[in-house]
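Chain by chain, the residues run as shown.
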Protein chains: 2
Amino acid sequence: MNYRITSYILGQIALLEAALLSIPFVLSIAYSDDTVLAFGITILILAALGTPFVIKKPKKREFRAREGFVTVALSWIMLSLFGSLPFFISGHIPNFFDSLFETISGFTTTGASILTNVEALPKSLLFWRSFTHWIGGMGVLVFVIAIIPKTDAKIIHLFRAESPGPQVGKLVSKLKFTARILYGIYIAMTALEIIFLLIGRMSLFDSFIHAFGTAGTGGFSNKNLSVGSYNSPYIDIVVTVFMLLFSINFNLYYLILIGNFKQAVKSEELRVFLGIVFVSATAITIMLALNSVYATFGETLRHSFFQVASIVSTTGFSTTDFTTWPMLCQLILFVLMFVGACAGSTGGGLKVSRIIILFKAGFREIKHSISPRTIVNVKFEGKPLDSAIYNAVLSYFTIFMIIYVLSVLLISLPFGNNTSGFVYGFTGVAACINNIGPGFGEIGPMGNFTMFNNFSTMVLAFDMLVGRLEILPMLLLFNPKVWRKI
Amino acid sequence: MNYRITSYILGQIALLEAALLSIPFVLSIAYSDDTVLAFGITILILAALGTPFVIKKPKKREFRAREGFVTVALSWIMLSLFGSLPFFISGHIPNFFDSLFETISGFTTTGASILTNVEALPKSLLFWRSFTHWIGGMGVLVFVIAIIPKTDAKIIHLFRAESPGPQVGKLVSKLKFTARILYGIYIAMTALEIIFLLIGRMSLFDSFIHAFGTAGTGGFSNKNLSVGSYNSPYIDIVVTVFMLLFSINFNLYYLILIGNFKQAVKSEELRVFLGIVFVSATAITIMLALNSVYATFGETLRHSFFQVASIVSTTGFSTTDFTTWPMLCQLILFVLMFVGACAGSTGGGLKVSRIIILFKAGFREIKHSISPRTIVNVKFEGKPLDSAIYNAVLSYFTIFMIIYVLSVLLISLPFGNNTSGFVYGFTGVAACINNIGPGFGEIGPMGNFTMFNNFSTMVLAFDMLVGRLEILPMLLLFNPKVWRKI
């Protein structure tokens, strides 16, 4: 491990976070919140700790894949530790572990909350809470790459470690410009959603909050009833559409921008993703209609599409309490939690492309068993599937499931013998590791994560990071080999 | 598909089943049960249908892997269809789908029951019900291979399709002798358990029933309270030990028989299996003791080891209602359901060897990510892991999970919106696809599967066959290519 370069990058991240915190700091003054001191102290600490590490540029430039992974993991942990201070210092979340949980839930764009009454929070804190979604959505190191003047070729390891999906590539030859294009699209789409929400008569503040939550596919709202509190079909539809837009691979938007619309709509992942959304929402609509859950068909359609988009995009906003739906509807949502969004989007989950590759791998194995001597070629996005990617995806799924199951076991210790503990364990971890937010039962969209003790919240927070950073960076932290000095 | 040879084998199986049914038929006469007619009719039907197909030996000998898979699947379906007739014709299970469920549950050694009062069944039916476990445990085609005088080299496809585990090999050069050795060990161990149970003052009939249930790792008992009804520490210990013995790869017994004891105990799978049993049972014992679930430590130890052995061996016997245990204990059992027994045993689940390979695959992928240019060699049982096996296991796990999740969705339609539907869905399918028997909650060891409708029981029965025959034979039934005449 090249400690010098890692601490240099961490120093930069600390200063960046101080800069980002200055926005809620200004808001806290403007709104005369009781959080001025909390934000001020946090900014000072970050500036004081970060500055010494960035004064001198490191000479030793060696930076391998493993340093990339670990640096990204450490950056996210540091961001979360300091980002939680405003909640803790201001006393609005008096338990430090809870404030850390809330912050990690924010940065990882999970949206699971330990707050029982969100509306009691001052505006500056609500802003910071949702702003973490926006920062975490596209990635903080991608942001650093976008803004630093000179970039090293080896910085690609940082980019790879933070960007989701089985394959991460550059859009243009220079990584810096790739990062700028991605952030450009991200900012433009967020602004567009704010405008649409304002047209729907949402207040400016609320529009920012909900656009941040949608853009990062996070799901924190400043209302206890989430998007449902506006009770506006227009707002529901706007948020549904934007949740889906932010779940699509941003590379496709770049293709559209450079006029290659044809290639963008040809994307296999996009088609499967839209197919999944359409089929799931239709199935849920039919079942809700058959069970007469809502008064009108329009309402049924609106809620089912909203909820499917919210879960598959891994946002976690809600317009209704889906834990009162028939079990099959709930189970479809549970399965969608694991499917997740497209690779290269701000969404979580396993990613649609991995699901496609998993199905193709199964199909290939069956074909191979029928005719052991013929070579079966699997294609994805028109190209033959490389066996390295194929293995990586199968192994990713396996490691993911192992961590998932172990986490369920770890958090279940305080549960009694009531079978609902089964539901809290499996859906709670699913909601966190896939970066969704709400689970089922008491931890559903109208509930919160207060039932978990400190140990459990830390396990769940670890899972959120595992989900957002796609396992490897977090696991490598436990590998002593990585920490060896070079 | 070579229809001639397939129907020839199916004819043989029909006659074999008629012969096997003659034992409960004789019992029904001896006990003057009301099932004499039911058994008699079934035997006649089987003899009448089977004879025409076996009179002439097929000339065309072509028999490929795909024929092997499909023939095995069809054999099991046929066995179950006719095997269910005594239950149905005698009127003791008046719903045909329920009697089919019960029979498939028997042959696949699952042990899930739709009977609310087992003790009301006449003895001849109880015998047949448990005898199906014993027949299904080692495999009916393995039996056919063992008894037919002349065997073809191509018959290996039948053997492979029916025997569990990622790798199936012959013990000796001739397949017929391999099958005979396996059945020899099977019969000897079953007889040994009967003797041990008789020493524990279990009646002869009950000893047969419980030895069949243990040997096949099935779990049907003739008592409503299962093994718990005897309330005898000695019997609990005997059954615990034999459940574990029948979960071990039978190849190891062969190694011991030919004096190669050293190689047998060196088995990596065996060591991991025993490690899993020991760690799980110890963890459960500690938690049960901390929660003072049982009066004495001895009782705690006995119940936890029994329950762990019962679940990991996929037997499903019970001495206590584990659904009243603390949630973590229940969840450990739930995870063990998927682990299952060793390959080449009579147990179900994913099999310990597959679990080991899955973990090694994950480990390899992580190592590969840290050092992308170095080749990581994974060893299993002392030999480097072949990439074909590695891929097959990862794909197997993936297809298994896909079928698991789809089945949960399919059976959940009649559930309400209560979260316990979540538990019934996930544990019910887990109990069936892993060939365990009891799930959690109302379908736990003291409950039964009566809550499911006909459609759901058929989905669960399909899952049992998927689990017992390890997916492929059942999936190939849906492939039109396989049915093409050759």
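The structure presented is a predicted model; accordingly, all values stated were derived computationally and were not measured.

## Overview of the overall build of chain A
Check the secondary structure of chain A and you find 21 helices and two strands. Over its C-alpha atoms, taken along the principal directions, chain A stretches across nearly 60 × 60 × 55 Å. Sorting the 486 residues of chain A into buried and exposed places 63% on the buried side. The long-range fraction of contacts in chain A, counting pairs at least 24 apart against all pairs at least 6 apart in sequence, stands at 72%. One finds the centroid of the 35 positive side-chain charges in chain A at a distance of 16 Å from the centroid of its 23 negative side-chain charges.

## Observations concerning the nonpolar core
Generally speaking, nonpolar side chains in soluble globular proteins are found buried as a group. By size, the foremost hydrophobic cluster in this structure holds 336 residues, and its most contacted members are Y404 and F449 of chain A together with Y404 and F449 of chain B. Those residues in contact with Y404 of chain A that sit more than four places away from it in its chain are F334, F338, F426, V429, A430 and I433 of chain A.

## Re the interface of chain B and chain A
Chain B puts 56 residues into the contact, and the matching count from chain A is 56 residues. Both sides of the chain B and chain A interface together cover about 4700 Å² of buried area, and 77% of this is carbon and sulfur. Where chain B touches chain A, the interface holds zero salt bridges. Put simply, chain B and chain A have zero residue pairs in polar contact (both at pLDDT 80 or more) between them.

## As for the environment of I332 of chain B
Residue position: I332 of chain B is located in helix α16 (residues 327-339). For the pair formed by I332 of chain B and V308 of chain B, sequence separation is 24 residues and the distance between their alpha carbons is 8.8 Å. Once residues within four sequence positions are removed from consideration, I332 of chain B is found in contact with L409 of chain A together with S280, A283, I284 and M287 of chain B.

## A word on the packing of helix α1 (residues 3-30) of chain B against helix α7 (residues 140-147) of chain B
Residue and element names in this part refer to chain B. Following both chains from N to C, one finds α1 and α7 inclined at 95°, their axes separated by 11 Å at the closest point. Taken together, the axes of α1 and α7 lie roughly perpendicular to each other. On the side of α1, the interface is formed by I9, Q12, I13 and L16, while α7 contributes V140, L141, F143, V144 and I147. Tallied by class, residues from the contact of α1 with α7 come to eight nonpolar, one polar and no charged.

## Quick notes on the environment of Y8 of chain A
Residue and element names in this part refer to chain A. In this fold, Y8 is placed in helix α1 (residues 3-30). Owing to a relative accessible area of 12%, Y8 belongs among the buried residues under this scheme. For the pair Y8 and G362, spaced 354 residues apart in sequence, the C-alpha to C-alpha distance is 44 Å. Ignoring sequence-local partners within four residues, the contact set of Y8 consists of F53, V54, K56, K57 and P58.

## Some points on the relation of the copies chain B and chain A
Expressed as a screw operation, the relation of chain B to chain A combines 0.0 Å of axial shift with a rotation of 180°, fitting to an RMSD of 0.0 Å. Accordingly, the operation relating the two chain copies is best matched by a two-fold axis. Residues of chain B ranked by C-alpha distance from the rotation axis are headed by L394 of chain B, positioned 3.0 Å from it. When the interface residues of chain B are mapped onto chain A, 100% of them again fall at the interface, so both copies present the same face.

## Examining the confidence of the model for chain A
Residue and element names in this part refer to chain A. Here chain A averages 92 in pLDDT, and 99% of its residues register 70 or above. Helix α8 (residues 156-162) is the least confidently modelled element of chain A, averaging 82 in pLDDT, while helix α10 (residues 204-215) averages 98, the highest of any element. Overall fold confidence (pTM) sits at 0.94, and the ipTM for the predicted complex is 0.92.

## A few points about the packing of aromatic side chains
The full count for this structure, using the stated rule, is 77 aromatic pairs over all chains. Ring geometry for F426 of chain A versus F334 of chain B: centroids 5.4 Å apart, planes at 80°, classification edge-to-face. With F426 of chain A in helix α19 (residues 420-433) and F334 of chain B in helix α16, this pair bridges two chains. When the ring centre of F177 of chain A is taken as reference, the NZ or CZ atom of K176 of chain A above it lies at 5.6 Å.

## Considering unusual backbone geometry
Positive phi, close to 50°, is recorded for T217 of chain A, a residue that is not glycine. Following the sequence through the fold, T217 of chain A ends up in the loop between α10 and α11 (233-245). Positive phi is not limited to glycine here, since S292 of chain B has a value of about 45°. Summarising the element assignment, S292 of chain B is placed in the loop between α14 (268-290) and α15 (297-312).

## A short note on a nonpolar patch on the surface
Residues and elements named next belong to chain A. Nonpolar side chains collect at one region of the surface, where L37, I41, I45, L49, F88 and I89 lie side by side and expose about 490 Å² of accessible area between them. Among the elements of the structure, α2 (36-54) and α4 (85-89) are those that each provide at least two residues to the nonpolar patch. Take the nonpolar patch: its biggest share by element is four residues, from α2.

## Structural notes on the side chain of H210 of chain B
All names here are of chain B. Following the sequence through the fold, H210 ends up in helix α10 (residues 204-215). For H210, a relative accessible area of 0% translates into the label buried. Excluding residues that lie within four positions of it along the chain, H210 makes contacts with E193, L197, M202, S221, N222, V227, Y230 and F317.

## Section: the environment of L16 of chain A
Residues and elements named next belong to chain A. Note on placement: L16 falls in helix α1. Take L16: its relative accessible area is 11%, and that puts it in the buried class. Between the C-alpha atoms of L16 and W483, which are 467 residues apart in sequence, the distance is 25 Å. The contact partners of L16, leaving out residues within four places of it in the chain, are V140, F143, V144 and I147.

## As for the side chain of R129 of chain A
Residue and element names in this part refer to chain A. Relative to the helices and strands, R129 resides in helix α6 (residues 123-138). Of note is the side chain of R129, whose polar atom sits 3.4 Å from the side chain of S113. For R129, the contacting residues outside a window of four places in its chain are F87, E102, G106, S113, L115, V118, L121, F220 and S221.

## As for the pattern of salt bridges
Throughout the structure, instances matching the rule amount to 14 salt bridges over all chains. With its nearest N and O atoms 3.0 Å apart, the salt bridge here joins E67 of chain A to R64 of chain A. With relative accessibility at 1%, the residue E67 of chain A sits in the buried group. E102 of chain B is paired through a salt bridge with R129 of chain B; the nearest N and O atoms lie 2.9 Å apart. Separated by 27 residues along the polypeptide, E102 of chain B in helix α5 (residues 96-107) and R129 of chain B in helix α6 (residues 123-138) bring together distant segments of the chain. Residue E102 of chain B is classed as buried on the basis of its relative accessible area, which comes to 1%. Taking the relative accessible area as the measure of exposure, R129 of chain B reaches 3% and is therefore buried. Ionic contacts of the salt-bridge type, sharing partners, join the residues K351, R354 and E470 of chain A into one network.

Criteria and cut-off values
- Residues numbered from 1 in each chain as written.
- Chains lettered and ligands numbered in written order.
- Predicted model: local features only at pLDDT ≥ 70, side-chain atom pairs only at ≥ 80, totals over all residues.
- Heavy atoms only, no water.
- Helix = DSSP H or I, 4+ residues; strand = E, 2+ residues; numbered from the N terminus.
- Buried < 20%, exposed > 50% of the residue type's maximum accessible area, 1.4 Å probe, protein only.
- Contact = heavy atoms within 4.5 Å.
- Lys, Arg positive; Asp, Glu negative; His and termini not counted.
- Charge placed at Lys NZ, Arg CZ, Asp CG, Glu CD.
- Core = buried A, V, L, I, M, F, W, Y, C linked by side-chain atoms within 4.5 Å.
- Buried area = accessible area lost by both parts, 1.4 Å probe.
- Salt bridge = Lys/Arg side-chain N within 4 Å of Asp/Glu carboxyl O.
- Polar contact = N/O pair within 3.5 Å; in protein donor to acceptor, adjacent residues only side chain to side chain.
- Axes fitted to C-alpha atoms, helices over the stretch in contact; angles between N-to-C directions.
- Parallel < 35°, antiparallel > 145°, perpendicular 65-115°, else oblique.
- Nonpolar A, V, L, I, M, F, W, Y, C, P; charged D, E, K, R; others polar.
- Least-squares fit on C-alpha atoms with pLDDT ≥ 70 in both.
- pLDDT = per-residue confidence, 0-100.
- Phe/Tyr/Trp six-rings, centres within 6.5 Å; stacked < 30°, edge-to-face > 60°.
- Lys NZ or Arg CZ within 6 Å of the ring centre and 35° of its normal.
- Patch = residues over 30% accessible without salt bridge, like charges linked within 9 Å, V, L, I, M, F, W, Y side chains within 5 Å.
- Areas by Shrake-Rupley, 256 points an atom, 1.4 Å probe, with all protein chains shown as cover.

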